[in-house]
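Descriptive structure summary
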Amino acid sequence: MIWAVLVAALAAYLLGNLNGSVCVSALVAHDDVRRHGSGNAGLTNFFRSYGGWSTLLVIAVDMVKTVAAAYTAGFALASFGFYREGLVLGVVAVSLGHDFPALLGFKGGKGILCGFTAALILDWRIALVMLAVFVIAFAITRYVSLGSVLGALTCSVGFGVVYYGDWAVMAGGIFIGALAIYMHRSNLSRLIKGTESKVHLIHRDLNK
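Residues numbered from 1 in each chain as written. Predicted model: local features only at pLDDT ≥ 70, side-chain atom pairs only at ≥ 80, totals over all residues. Heavy atoms only, no water.

1. Some remarks on the packing of aromatic side chains
- Using the criterion set out here, one finds six aromatic pairs in the structure.
- Here Phe46 and Tyr50 contribute two aromatic rings whose centre-to-centre distance is 4.9 Å and whose plane-to-plane angle is 50 degrees, an arrangement assigned as tilted.
- According to the relative accessible area criterion, Phe46 is buried, its value standing at 2%.
- Taken together, the aromatic side chains of Tyr71, Phe75 and Tyr83 make up a single cluster linked through ring pairs.
- A cation over an aromatic ring shows up here: Arg142 above the ring of Phe138, its NZ or CZ 5.2 Å from the ring centre.
- Sitting over the face of the ring of Tyr143, Lys198 holds its NZ or CZ atom 5.4 Å from the ring centroid. (Phe/Tyr/Trp six-rings, centres within 6.5 Å; stacked < 30°, edge-to-face > 60°. Buried < 20%, exposed > 50% of the residue type's maximum accessible area, 1.4 Å probe, protein only. Lys NZ or Arg CZ within 6 Å of the ring centre and 35° of its normal.)

What follows is the structure, encoded as structure tokens:
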């Protein structure tokens, strides 16, 4: 079984290396999103840099890879009677692969989209609450980072409360939320200082 766990974790981690922002910026814009804006390989920096419908492709890539990683690991461990634990392994490994991709110099995104998709797989109810918290916070403040952090906090608290006693799912959910918050530590610092940038849904071409 140990080999099945290792192979499943590695496969999920490598899927996480398939960064939507990097892939779409290369294929559609023939560019590298990391050369623009904050230099982050995440959805927000992609939208700020390019805007347009290609942003939906980034969302699709990151969501599909998370689903693929989770169910690949789940089915790999299902024969040992650990299907749900396999799902948790998959979402944790793909999140780590997205945030710290070895194939991209360990500089990836901040894991919000992966984290939301992971929550959606493990418990859609918690995922919907996360989405609601994000939307409300963003609508009020226009800070994607604040909405993301509050959504991630909702993830950790939600899984900690709802799955208390179900240690695998609880730990996985708490970890995913905590990881996303950690990846936003620089944003939190700027929010405290009042220097964080807001995001407007109508994309503005700053080069014009």
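2. Section: the side chain of Lys110
- If you trace the backbone, Lys110 turns up in the loop between α5 (83-99) and α6 (112-122).
- For the buried residue Lys110, which engages in no salt bridge, the nearest side chain bearing the opposite charge is Glu196, 6.4 Å off.
- Within the structure, the side chain of Lys110 is placed 2.4 Å from the side chain of Asn187, a separation counted as a polar contact.
- Excluding anything up to four places from it in sequence, Lys110 contacts Asn40, His98, Asp99, Ala180, Met183, His184, Ser186 and Asn187. (Helix = DSSP H or I, 4+ residues; strand = E, 2+ residues; numbered from the N terminus. Lys, Arg positive; Asp, Glu negative; His and termini not counted. Salt bridge = Lys/Arg side-chain N within 4 Å of Asp/Glu carboxyl O. Polar contact = N/O pair within 3.5 Å; in protein donor to acceptor, adjacent residues only side chain to side chain. Contact = heavy atoms within 4.5 Å.)

3. A word on the environment of Leu6
- Turning to its location among the elements, Leu6 is positioned in helix α1 (residues 2-16).
- Judged by relative accessible area, Leu6 falls into the partly exposed class, the value being 46%.
- Linking Leu6 and Ala73, residues 67 residues apart in sequence, is a C-alpha distance of 9.7 Å.

Take it as geometry only, folks, not as evidence of what the structure does.
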